Amino acid sequence: MLKFIVNDKILETNAHPGTILIDYLRDELKLYGTKEGCKEGECGACTVLAGTLDDKGNISYKSVASCILPIGDVNGSHIVSIEGVNQEELNTIQKAIFDYSASQCGFCTPGIVLSLTYFALSSSEFSYKDAEDALDGNLCRCTGYVAIRNAAKALSDLLKTKSRDMNKRIDVLLEAGVLPSYFAQIPQKLKKLNASSASSPSAKARIIAGGTDLFVQIPDQLVESDLKFISERKDLNYIRVDGNCIRIGAATSLEDFRNSCAVNKYFPFMKDDVLLHSSMILRNKATLAGNIVNASPIGDITIMLLALNASIVIDGNGKTREIALDKFYKDYKKFDLSEGEIIKEILVPFMNEGVLYNFEKVSNRKILDIAAVNSSILIETNGMDIAALRISAGGVASIPLMIGGLDNFRGKEISYETVNKLAEYVVSQVAPIDDVRGSANYKKLLIRQLIFAHFNKLFGVKVCAGEGC
Ligand SMILES: Cc1cc2nc3c(=O)[nH]c(=O)nc-3n(C[C@H](O)[C@H](O)[C@H](O)COP(=O)(O)OP(=O)(O)OC[C@H]3O[C@@H](n4cnc5c(N)ncnc54)[C@H](O)[C@@H]3O)c2cc1C
Ligand code: FES
Ligand code: FES
């Protein structure tokens, strides 16, 4: 039996934990305000909020794509659909959208209102940048984004006049007319909910982390399968500094990772690079471990972690073992993980002083798109010579690829000639295939250019445009 609160109602259901949340909201509860656009996490029309309590009893909300979220994952949570933020009159966010003519057909509007509600609930400074980030997964086909941005800016300006104390956030938003009054009682109600686990005890149960890959690929299969929800493993939701590395628990979402103080201190580039993975409604659920086990040859996080020399701790079948990520992949979607084992945590060693890192990705759209080719580099220099080098490349082999044999470039001066040779060498090591993201030849060209892009960004080495460059 699953238990959760939907808007202001406590609900219990015997529905399968793999039932998709939007189907449950629309088909069972007849809450038709949540719209189904793509049903693949790409458009944001289905955005709702999911609120959970932390150890101290404080509630925090995330915006999520209800079209790829199983109800087992929100067991014990507060789910907010557009009906749950409606008030007698338009609420403050709806009014901003009305005032700035930010809605035409209205299909995207419920999702936009809820993404902005998430912004209001989560942004420490109510900055316009946070409002924009909160909206990065919401597509609108008819209004145009200028009006939506204007409404978001007005909301940000209005909220900046209020207290920014996160401990009083719900009260502030109640007073500002953003949230209806019942929100004040939700933490108490959640505490009393006492939901039991939604996970199957079966050792063969399918592991669901964020579900952002699985529930796009095989939703029909999952609604009939035994499932184990990593989100129930609160003990795996952490980011810890430990000696000379950072440890990331398998239940940590990409958005928590990118906002972590420790990550920002030791890997500051992640704040922007992880934005390229996907939109907020996905980053709020997707995990690093899910990206690794997904084993896509173009997994962005995997490509970043490979160059950073990460390793993974695997738990199960009575033992714990650690393995370097670059030894994990065997062949297309084949890797060193047995039935009964899970990734428990990911270890990323700190970069030594002076070591540089860069990530590049080529995709049709900047956010919300899978890469055609991506690559990361970790480079240590001695003056202008290469002292050590790691390069990973995605979309150019059957696995997320670590380029081997780079020791030959040690001691070489960083110059156009060296980078050109390195780019040629990398191209000789890859074997891309023709697919929807591009032909094999195009991908070879891309990886060559990405090697130059790394050196251009880090050292100003440019691709030679012809004689005399
Ligand atoms: C619209 C959209 C855009 C996307 N864009 C990108 C993109 O640009 N780049 C990119 O890299 N990915 C992208 N993805 C894919 C997906 O979001 C990522 O791969 C994500 O990191 C998967 O994490 P998850 O937690 O949601 O995994 P899940 O879907 O929960 O799981 C993925 C796999 O990992 C297994 N698994 C999860 N956690 C563990 C664990 N701890 N131990 C063992 N097995 C585990 C699951 O059983 C499953 O086989 C996109 C997805 C969507 C829907
Ligand atoms: S329906 Fe498009 S993201 Fe969910
Ligand atoms: S108002 Fe029509 S899709 Fe946004």
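Remember, it's a predicted structure, so these values are computed and weren't measured experimentally. (Residues numbered from 1 in each chain as written. Chains lettered and ligands numbered in written order. Predicted model: local features only at pLDDT ≥ 70, side-chain atom pairs only at ≥ 80, totals over all residues. Heavy atoms only, no water.)

(A) Structural detail: helix 17 (residues 440-459). With 20 residues, helix 17 should reach 28 Å at 1.5 Å per residue; the first-to-last C-alpha distance of 29 Å fits that figure. Where helix 17 is buried, its residues meet strand 15 (356-362), strand 16 (373-382), strand 17 (385-394) and helix 16 (416-429). Looking one or two residues beyond helix 17, the residue adopting positive phi is glycine 460, at roughly 75 degrees. (Helix = DSSP H or I, 4+ residues; strand = E, 2+ residues; numbered from the N terminus. Expected span 1.5 Å × (residues − 1). Contact = heavy atoms within 4.5 Å.)

(B) Summary view of the sheet that holds strand 14 (residues 341-349). The strand order 8-9-14-10-11 describes an open sheet built from five strands, whose pairing is antiparallel. Because the sheet does not close on itself, it has two edges, and the strands there are strand 8 (239-242) and strand 11 (319-324). Neighbour-to-neighbour, the strand axes of this sheet turn through a mean angle of 25 degrees, independent of strand direction. Direction of pairing for strand 10 (residues 311-316) relative to strand 11: antiparallel, over a ladder of six bridges. (Pairing = 2+ DSSP bridges. Axes fitted to C-alpha atoms, helices over the stretch in contact; angles between N-to-C directions.)

(C) Broad picture of the pattern of salt bridges. Under the defined criterion, the tally for this structure stands at 27 salt bridges. Here arginine 149 and glutamate 132 are joined by a salt bridge, their closest N and O atoms 3.1 Å apart. Of this pair, arginine 149 sits in helix 5 (residues 145-160) while glutamate 132 sits in helix 4 (residues 128-134), and the two are 17 residues apart along the sequence. Taking the relative accessible area as the measure of exposure, glutamate 132 reaches 32% and is therefore partly exposed. Its salt-bridge partner being aspartate 336, residue arginine 321 comes within 3.2 Å of it at the nearest N-O pair. Here the residue arginine 321 occupies a position in strand 11, and aspartate 336 occupies one in the loop between strand 13 (334-335) and strand 14, the gap between them amounting to 15 residues. One salt-bridge network, held together by shared partners, links Asp136, Glu255, Arg258 and Arg283. (Salt bridge = Lys/Arg side-chain N within 4 Å of Asp/Glu carboxyl O. Buried < 20%, exposed > 50% of the residue type's maximum accessible area, 1.4 Å probe, protein only.)

(D) Local environment of the packing of helix 2 (residues 92-99) against helix 5. At their nearest, the axes of helix 2 and helix 5 sit 8 Å apart, and the two run at 135 degrees to each other. Taken as axis vectors, helix 2 and helix 5 run oblique relative to one another. Along this stretch, helix 2 crosses helix 5, giving a crossing that reads as right-handed. Here helix 2 contributes Thr92, Ile93, Ala96 and Ile97 to the contact with helix 5, which in turn contributes Ala151, Leu155 and Leu158. For the contact of helix 2 with helix 5, the class distribution of residues is six nonpolar, one polar and no charged. (Parallel < 35°, antiparallel > 145°, perpendicular 65-115°, else oblique. Left-handed = near helix turned anticlockwise from the far one by under 90°. Nonpolar A, V, L, I, M, F, W, Y, C, P; charged D, E, K, R; others polar.)

(E) Representation of the sheet that holds strand 15. Spatially, the four strands line up as an open sheet ordered 15-16-17-18, and their pairing is antiparallel. Strands at the two margins of the open sheet, each flanked by one partner only, are strand 15 and strand 18 (401-402).

(F) Structural view of the domain arrangement of the protein chain. Segmenting the protein chain into domains produces domain 1 (2-193), domain 2 (234-349) and domain 3 (356-459). Contacts between the two partners involve 16 residues from domain 1, matched on the other side by 12 residues from domain 2. Across the domain 1 to domain 2 interface the summed buried area is about 1,100 Å²; carbon plus sulfur atoms make up 55%. Considering only the surface of domain 1 that becomes buried against domain 2, Lys62, Asp133 and Asp136 emerge as the three largest contributors, covering 33% of it. (Domains from an automatic or database assignment. Buried area = accessible area lost by both parts, 1.4 Å probe.)

(G) Focus on the packing of helix 2 against helix 3 (residues 109-122). Relative orientation of the contacting elements helix 2 and helix 3 amounts to 125 degrees, with a least axis distance of 9 Å. For the element pair helix 2 / helix 3, the angle class is oblique. Considering how the two elements wind past one another, helix 2 and helix 3 form a crossing that is right-handed. Counted together, Ile93, Gln94 and Ile97 of helix 2 and Thr109, Ile112, Val113, Leu116 and Thr117 of helix 3 form the full contact between these two elements. Among the residues forming the contact of helix 2 with helix 3, the class breakdown is five nonpolar, three polar and no charged.

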